[in-house]
Amino acid sequence: MKFKLCCATDENYTQMTSVMIVSALANSREDISEIHVFCHRLAPASLDLLRQLAPDLVHIHDHRRIPPMIAAVPLAVRPSAAMWMRVMAPDVIPVSDERIVYLDCDAVVDRRLDALTRLDLEGRVVAAVEDFAKAKHAGWNERLGLPLDTPYFNSGVLVIDHRRYVEEGWSQRITDISREMPDKLVRVDQDAFNIACARAGGWTKLDPTYNAHASSARTKRGGVAEVFAGAHVIHFVGRRKPTDVDCTHAAKDVFLRYRAMSPYADVPLRGVMAREVYNRLRATWEAIRLAAWTVTAPVIRRLRG
């Protein structure tokens with residue numbers, strides 16, 4: 001059996017999304033039945049570029065307006081609409097017995113993924129890789145109201161039982177958690193996903209090679225190169241991405257190899273100034289949004305109550 005590949009993106013991550021899809025096709029095309037790309041307000045040129053990567057496989061779900069389910073997520077935990085689209089994606093994709101393999105757009109596939117179609121989910125709906133910052137899990141769990149020893153996963157790679165996810169209303173469960181405790185969800189939908197899985201009895205652990213992740217800053221300090229050796233999926237977490245000229249990630253060369261196969265092969269990497277300007281503008285916008293939500297949310301709750 002094949003699987004459906006799914007991802008979510010916005011205009012800022014179109015390049016990384018393109019490279020991720022190119023890498024998945026290079027290594028596991030025969031295992032993919034469909035590729036579903038969920039977008040929020042992508043430029044027409046970006047939409048055409050993504051479609052042309054594999055016209056027979058790529059399905060674009062471009063939302064010009066924020067979908068109602070995501071609009072209901074408090075602004076405090078909704079830095080972007082695209083971030084929450086992975087939660088609602090299984091409800092939009094036509095249901096079948098094929099699994100959904102969700103990949104963050106800042107990942108690359110470097111090995112075949114066929115084993116994920118045969119993985120024993122052990123009666124659970126979601127399989128994932130434990131987050132690499134294990135020393136912090138107890139503190140995160142305490143914040144989320146979970147037992148301190150609860151396993152905590154990184155949601156950048158998810159294997160999902162599609163039929164059960166939809167039939168059991170998982171998207172609603174997760175968005176309900178965002179409204180229940182928005183002040184606790186520091187890692188936004190990833191925190192909500194972990195809470196939902198913990199309440200449902202847990203999640204199935206994937207081999208770490210299916211989401212090999214450590215930030216550029218950490219790899220710069222050394223000692224983690226072995227994390228990426230033999231990885232099926234390399235996930236470039238952290239603010240500095242391999243599209244940045246000064247990125248020092250230990251697996252940047254892997255990303256660049258697939259980038260050379262993509263429509264962005266001849267596009268210069270992003271300079272330091274461009275990144276810093278973007279990050280400052282984004283941080284300012286987030287501060288404004290959060291301040292507005294802080295002021296208006298209590299009023300809205302009173303009106304609704």
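Cut-offs used in this document
- Residues numbered from 1 in each chain as written.
- Predicted model: local features only at pLDDT ≥ 70, side-chain atom pairs only at ≥ 80, totals over all residues.
- Heavy atoms only, no water.
- Helix = DSSP H or I, 4+ residues; strand = E, 2+ residues; numbered from the N terminus.
- Buried < 20%, exposed > 50% of the residue type's maximum accessible area, 1.4 Å probe, protein only.
- Contact = heavy atoms within 4.5 Å.
- Pairing = 2+ DSSP bridges.
- Axes fitted to C-alpha atoms, helices over the stretch in contact; angles between N-to-C directions.
- Parallel < 35°, antiparallel > 145°, perpendicular 65-115°, else oblique.
- Nonpolar A, V, L, I, M, F, W, Y, C, P; charged D, E, K, R; others polar.
- Phe/Tyr/Trp six-rings, centres within 6.5 Å; stacked < 30°, edge-to-face > 60°.
- Core = buried A, V, L, I, M, F, W, Y, C linked by side-chain atoms within 4.5 Å.
- Salt bridge = Lys/Arg side-chain N within 4 Å of Asp/Glu carboxyl O.

Draft legend 1. Molecular detail of the side chain of Thr175. Tracing the backbone through its elements, the reader meets Thr175 in helix α7 (residues 170-180). For Thr175, a relative accessible area of 2% puts it in the buried group. Aside from chain neighbours lying at most four places away, what touches Thr175 is Met69, Val73, Trp84 and Val87.

Draft legend 2. Quick look at the pairing of strand β6 (residues 126-130). The element β6 is largely enclosed, with a buried count of four among its five residues. Pairing between β6 and strand β7 (residues 153-160): four bridges, direction antiparallel. Residue pairing across strands places Ala127 opposite Val159, the latter belonging to β7. Two strands pair when backbone bridges link them, and β6 and strand β8 (residues 204-205) are joined in this way by two bridges, in the parallel orientation. For Ala127, the partnering residue across the bridge sits in β8 and is Thr204.

Draft legend 3. Representation of the sheet that holds strand β10 (residues 233-235) in the model. Spatially, three strands are ordered β5-β10-β9 in an open sheet, and the strand pairing comes out mixed. Looking at strand neighbours, the two that pair on one side only are β5 (107-109) and β9 (212-213), the edges of this open sheet. In this sheet, β10 lies alongside β9 in parallel orientation, the contact comprising two bridges. By the bridge assignment, His213 is partnered in β10 with His235.

Draft legend 4. Up close: the sheet that holds β8. In space, the seven strands of this open sheet follow the order β3-β2-β1-β4-β7-β6-β8, with mixed pairing throughout. Two strands bound the open sheet, and with one partner strand each, they are β3 (58-63) and β8. When strand β2 (residues 32-40) meets β3, the two strands line up parallel, connected through six bridges. The partner of His40 across the bridge, within β3, is His63. Here helix α8 (residues 188-199) sits on the sheet and contacts β6 and β7; the angle it forms with β7, its principal contact strand, is near 60°.

Draft legend 5. Spotlight on the packing of helix α1 (residues 14-28) against helix α10 (residues 252-259). Put simply, α1 and α10 touch, their axes get as near as 9 Å, and they point 85° apart. Taken together, the axes of α1 and α10 are roughly perpendicular relative to one another. Taking contact as the criterion, the partners of Gln15, Met16, Val19, Val22, Ser23, Ala26 and Asn27 in α1 are, on α10, Phe255, Tyr258 and Arg259. Its residues assigned to classes, the contact of α1 with α10 comprises six nonpolar, three polar and one charged.

Draft legend 6. Quick peek at the packing of aromatic side chains. What the rule picks out here adds up to five aromatic pairs. Ring geometry for Phe153 and Phe193: centres 6.4 Å apart, planes at 70°, overall edge-to-face. Remark: Phe193 occurs in helix α8 and Phe153 occurs in strand β7; sequence separation between them is 40 residues. Residue class for Phe153 comes out buried when judged on its relative accessible area of 0%. Judged by its relative accessible area of 0%, Phe193 is buried. Summarising the aromatic geometry, the rings of Phe153 and Trp203 are spaced 5.1 Å apart at their centres and angled 70° between planes, so their arrangement reads as edge-to-face. Taken together, the residues Phe153 in strand β7 and Trp203 in the loop between α8 and β8 connect sequence positions 50 residues apart. Here a set of aromatic residues connected by ring pairs shows up, and it is made of Phe153, Phe193 and Trp203.

Draft legend 7. Quick peek at the nonpolar core. If you look at the biggest cluster of nonpolar residues, it comprises 39 residues, and the most contacted ones within it are Phe38, Trp84, Leu158, Tyr165, Ile174, Leu185 and Phe193. Looking at this core, the elements with two or more residues in it are β1 (3-9), α4 (81-92), β4 (99-103), β6, α5 (137-144), β7, α7 and α8. Grouped together as the second largest cluster of nonpolar side chains are 34 residues, Val37, Leu50, Leu57 and Tyr210 included.

Draft legend 8. Geometry of the pattern of salt bridges. All told, the structure shown has 24 salt bridges when counted by the stated rule. For Arg111, the salt bridge is made with Asp110, and the minimal N-O distance between the two is 3.3 Å. The exposure class of Arg111 is partly exposed, given its relative accessible area of 36%. As a salt-bridge pair, Arg257 and Asp110 come within 3.5 Å of each other at their nearest N and O atoms. Residue Arg257 is located in helix α10, and its partner Asp110 is located in the loop between β5 and β6; the two are separated by 147 residues in the primary sequence. The class of Asp110 is buried, set by a relative accessible area of 13%. Residues joined in a network through salt bridges with shared partners are Glu30, Asp31, Arg112, Asp114 and Arg118.

By themselves, these figures tell us nothing about what the structure is for.
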